[in-house]
Amino acid sequence: MKKKSRKPQHKRNRAKVEAPVEDEPAAIKNAPHSFVIRRGERCSSISRLSRDFRRMMEPFTASNLRERRINKVKDFVHLSGFFHVSHMCVFSLSSQTLSLKIIRMPKGPTLTFKVYQYTLAKDVISNSRKQFVDEECFKTAPLVILNSFSGEGKHLKLMASTFQNMFPPINLSTIKLSSLKRCVLLSYNPVSKLIDLRHYSVTVVPVNLNRGVKKLVTRNIPNLGKFEDIADFVEKGHLLSESEADDEEAHVVLAQNLKCGNLAENQSSLRLHEIGPRITMRLMKIEDDLMTGEVLYHDYIEKDAIEVEALRKKRAQQRRLKEQRKHKQEENLKKKENDKKEHRAKTSKQGKSGELTERDRLLLKDAEEAVGDISDEDDREYYRKEIGDNPDEELFESAGSGNRKRPFIPKGSNYSLKPKKPRMDKRRQYEEDDRLARQDGKRRGNEGKDKKGKAGKFAKKGMGDDFRGKSKYNGGKKNNTGGKKSGGKKSSKRNGKQFAELLVLDNRSAVQFKEEAKFINFHLLRVIQWEANAILLLIA
């Protein structure tokens, strides 16, 4: 019976079905898209400002764009073509100033503004007397309103065209008034050269209606606690308080029907609710290329024609050198590819023909001479020559044995060919040592009782406990216990006999150590020789 899988059913591998790729409509593809990123030093206020700016640029912007410190501006430039990005706004914070760069993708120009003041959207909404935020208004693009950008100077025309091209254009013949729910106001002050950016939400309220009827039409639930019925509420609606007074300059005649009682050919009142952010900035410079091109305009630095021409020549030379390096790199890549192909063809041809070159023959000959015929007699002779003594008979017994066959291992068994590691548990040995130590302690205690009269005043009650748990031989050191030696002649004879046995064991271990050292040195030399032969074979 097949074993059931432990993997949950929702995590098992299933046949992947490719989702159908739907082509975007031409209106969405041709609409200007934007990236809003931040560079330089990290600041929570600048992060919030960039998010508010993205919200203002919706819906044709990357609202959930994630950026990291390792990301460069070039990374976003490479992705701009795939996502139809036409503009990129970069907030750059340094230790001194905050700047805003608006870049036309992918070849420029680049407009650099210095930000003097800014207010976040949450602060603008919290300080307003009547807070109004409609999430539905961010599903459509805002209306751009430019003020006082008609002065003299090419930089003003370039600024006006850049701000207009950041948002989708409006076709007056096909536009629906219900889609115009937001507006972005850009006002230029020719005296201070400052640009004020404001963001508003637009609402339309019918005019010349009773306040009670207006509340019902605009879907505001009235409080009928002070009235007997709905007719009383409509008749006495003029007694209700109004939070905002209607301005006659804000009255317009609508061309289309809208919701909440706004009918065509009737007057309605436009009301603006600021939803932020606020930005006050000033144009500093305009560059021709993507942040690195020729400076077309600068606010406070002016250069004569000679300096401009010198900079232009220098930039042209740098561009020429860059093209040369790029061309050289391409040639080197092609050369490497050709060399690889030639080498691959040469090796494949040589392998098919089976012919060896003169160099290959010499290498194989040297390897064969170095390796030679390895036999048991050669090993014995090499051992006699290097060690100076005849090897043991059992040393090379297994060297000449034939090929060993692997034992048959039944399928599914836990048997392994690897040798088992010896158990390092010495608990039994420690228990045996403690048992012997206790027996010695008891024997010494009994001998001390027998010779209690001879010990005199130097005898101690716990004399035998000094040797408990200690080894029988202490390396020839004297026992500095402050008393006389206990045990008499019998104990001294027994200690002398044990000392002689230990000396014999030490001599045997020394001889065995010399034999083992000879054996290890011999095998080390053989291993070094085999490794050298293997290296020669690999080189061949």
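Just so you know, the residues in each chain are numbered from 1, in the order the chain's sequence is written. It should be noted that, the model being predicted, local features are given only for residues of pLDDT at least 70 and side-chain atom pairs only at 80 or more, the latter also being counted only at that level, while totals for whole chains, interfaces and linings use all residues. Note: side-chain values were computed over all heavy atoms of the structure, leaving out hydrogens and water.

- The name given to the protein in an unreviewed UniProt entry is Brix domain-containing protein, and the organism recorded there is Anopheles merus.

1. Digging into the overall build of the protein
So, point 1. When its secondary structure is counted, the protein shows 13 helices and 11 strands.
So, point 2. Here the analysis covers contacts within the protein between residues at least 6 apart in sequence; of these, 65% occur between residues at least 24 apart.
So, point 3. For accessible areas, the Shrake-Rupley method is used with a probe of radius 1.4 Å. Any residue's cover is judged against the shown protein chains and nothing else. By element, 52% of the accessible surface of the protein is carried by carbon and sulfur atoms, the whole surface being about 41900 Å². Elements are defined by DSSP. Helices are runs of H or I of four residues or more, strands are runs of E of two residues or more, and each kind is numbered from the N terminus. Should any heavy atoms of two residues lie within 4.5 Å, those residues are counted as being in contact.

2. Considerations on a nonpolar patch on the surface
So, point 1. Patches here: salt-bridge-free residues with over 30% relative accessible area, like charges joined within 9 Å, nonpolar side chains (Val, Leu, Ile, Met, Phe, Trp, Tyr) joined within 5 Å. Should a side-chain nitrogen of Lys or Arg be within 4 Å of a carboxyl oxygen of Asp or Glu, the pair is scored as a salt bridge. A surface patch of nonpolar side chains, about 340 Å² in accessible area, is lined by Leu79, Phe82 and Phe83.
So, point 2. By secondary structure assignment, the location of Phe83 is in the loop between α3 (73-80) and β2 (85-93).

3. Here's the deal with the nonpolar core
So, point 1. Counting residues in each nonpolar core, the largest one holds 32 residues, and the members touching the most others are Phe53, Phe113, Met159, Phe163 and Ile195.
So, point 2. When contributions to this core are tallied by element, the ones reaching two or more residues are α2 (44-56), β2, β3 (98-104), β4 (110-119), α5 (154-165), β6 (182-189), β7 (194-206) and β10 (278-287).
So, point 3. Discounting chain neighbours no more than four positions away, the residues touching Phe163 are Ile102, Phe113, Val144, Leu146, Phe149, Leu186, Ile195 and Met281.
So, point 4. Membership of the second largest hydrophobic core comes to 11 residues, among which are Phe35, Ile37, Phe76 and Val77. Nonpolar cores were defined as sets of buried Ala, Val, Leu, Ile, Met, Phe, Trp, Tyr and Cys residues, with membership established by side-chain atoms within 4.5 Å. Type-normalised accessible area, obtained with a 1.4 Å probe on protein chains alone, sets the label of each residue: buried when under 20%, exposed when over 50%, and partly exposed for intermediate values.

4. Quick word on the packing of aromatic side chains
So, point 1. Working definition: rings of Phe, Tyr and Trp (its six-membered ring) pair if their centres are within 6.5 Å, and the pair is stacked with planes under 30 degrees apart, edge-to-face with planes over 60 apart, and tilted otherwise. By the definition in use, this model includes 6 aromatic pairs.
So, point 2. For the ring pair Phe149 and Tyr188, a centre distance of 5.7 Å and an interplane angle of 35 degrees mean the geometry is tilted. Here Phe149 is found in the loop between β5 (143-147) and α5, whereas its partner Tyr188 is found in strand β6, with 39 residues between them in sequence. Take Phe149 and Tyr188: they sit in the same class, and that class is buried.
So, point 3. The residue whose ring lies beneath Arg55 is Phe138, and the NZ or CZ to ring-centre distance is 3.9 Å. A ring has a charge above it when a Lys NZ or an Arg CZ is no more than 6 Å from the ring centre and no more than 35 degrees off the ring normal.

5. Here we look at the UniProt feature "transmembrane region" (unreviewed entry) in the protein
So, point 1. UniProt positions are given in the numbering used here, feature names are shortened, and annotations may be inferred rather than shown by experiment. Within the UniProt annotation, "transmembrane region" (unreviewed entry) is assigned to residues 76-94.
So, point 2. A helix fraction of 26% and a strand fraction of 47% characterise residues 76-94, whose end C-alpha atoms lie 21 Å from each other.

6. Observations concerning a positive patch on the surface
So, point 1. Neither His nor the chain ends is counted toward charge; the positive residues are Lys and Arg and the negative residues Asp and Glu. For this purpose, a charge sits on NZ of Lys, CZ of Arg, CG of Asp or CD of Glu. On the surface, Lys74, Lys107, Lys322, Arg325 and Lys326 cluster together to form a positively charged patch.
So, point 2. The element that contributes the greatest number of residues to the positive patch is helix α8 (residues 305-353), accounting for 3 residues.
So, point 3. In this fold, Lys74 is placed in helix α3.

7. Describing the pattern of salt bridges
Side chains that differ in charge, positive against negative, can pair when their charged atoms come close.
So, point 1. Here the structure, examined in full by the defined rule, presents 11 salt bridges.
So, point 2. As a salt-bridge pair, Glu135 and Arg55 come within 2.6 Å of each other at their nearest N and O atoms. One end of the pair, Glu135, is in the loop between α4 (121-127) and β5; the other, Arg55, is in helix α2, and 80 residues separate them in sequence.
So, point 3. Residue Arg443 pairs with Asp440 through a salt bridge whose shortest N-O separation is 2.3 Å. Taken together, the residues Arg443 and Asp440, both in helix α11 (residues 427-450) and 3 residues apart, mark about one turn of the helix.
So, point 4. Arg443 gets classed as partly exposed once you look at its relative accessible area, which sits at 36%.
So, point 5. A relative accessible area of 11% means that Asp440 is categorised as buried.

8. Examining the confidence of the model for the protein
Close reading of the predicted structure is inappropriate where its pLDDT is low.
So, point 1. One confidence number per residue, pLDDT, is output by the predictor and ranges from 0 to 100. Taken over all residues, the pLDDT of the protein has a mean of 75, while the share at 70 or more is 64%.
So, point 2. Least confident of the elements in the protein is helix α12 (residues 452-455), whose mean pLDDT is 49; most confident is β4, at 95.
So, point 3. Long-range and interchain partners of residues 454-473, a stretch whose pLDDT sits below 50, account for 13 contacts in this model, where long-range means more than four residues apart.
So, point 4. Taken together, the stretch residues 475-489 has pLDDT below 50 and engages in 10 contacts with residues farther than four places along the chain or on a different chain.

9. So, unusual backbone geometry
So, point 1. Residue Pro109 is reached from Gly108 by a cis peptide bond, and omega for that bond is 5 degrees.
So, point 2. Take Pro109: it is sitting in the loop between β3 and β4.
So, point 3. With an omega of 5 degrees, the peptide bond running from Gly276 to Pro277 counts as cis.
So, point 4. For Pro277, the location among the structural elements is in the loop between β9 (267-274) and β10.
So, point 5. Although it is not a glycine, Ser148 sits at a positive phi angle of roughly 65 degrees.
So, point 6. Relative to the assigned elements, Ser148 resides in the loop between β5 and α5.

10. Structural notes on the side chain of Glu67
So, point 1. Its location among the elements puts Glu67 in the loop between α2 and α3.
So, point 2. Accessibility expressed as a relative area gives 12% for Glu67, which makes it buried.
So, point 3. Within the structure, the side chain of Glu67 is placed 3.0 Å from the side chain of Arg38, a separation counted as a polar contact.
So, point 4. Residues adjacent in sequence count toward polar contacts only when both atoms are side-chain atoms; beyond that, a polar contact is any pair of N or O atoms within 3.5 Å, and within protein one must be able to donate a hydrogen and the other to accept it. Here the side chain of Glu67 touches Arg54 through a polar contact of 3.5 Å, side chain to side chain.
So, point 5. With sequence-adjacent residues up to four places away left out, Glu67 is seen in contact with Ile37, Arg38, Arg39, Arg54 and Phe76.

11. A few points about α5
So, point 1. Expected helix span is given by 1.5 Å per residue-to-residue step, counting one fewer step than there are residues. Compared with the 16 Å implied by 1.5 Å per residue over 12 residues, the 16 Å span of α5 between its first and last C-alpha is a close match.
So, point 2. Here α5 has its buried residues at His155, Leu156, Met159, Ala160, Thr162 and Phe163. Taken down its axis, α5 places every buried residue within 165 degrees of arc, on the same side. The outward face of α5, more than 90 degrees from its buried face, is lined by the exposed residues Lys154 and Lys157. It is the directions from the helix axis to the C-beta atoms whose arc is reported.

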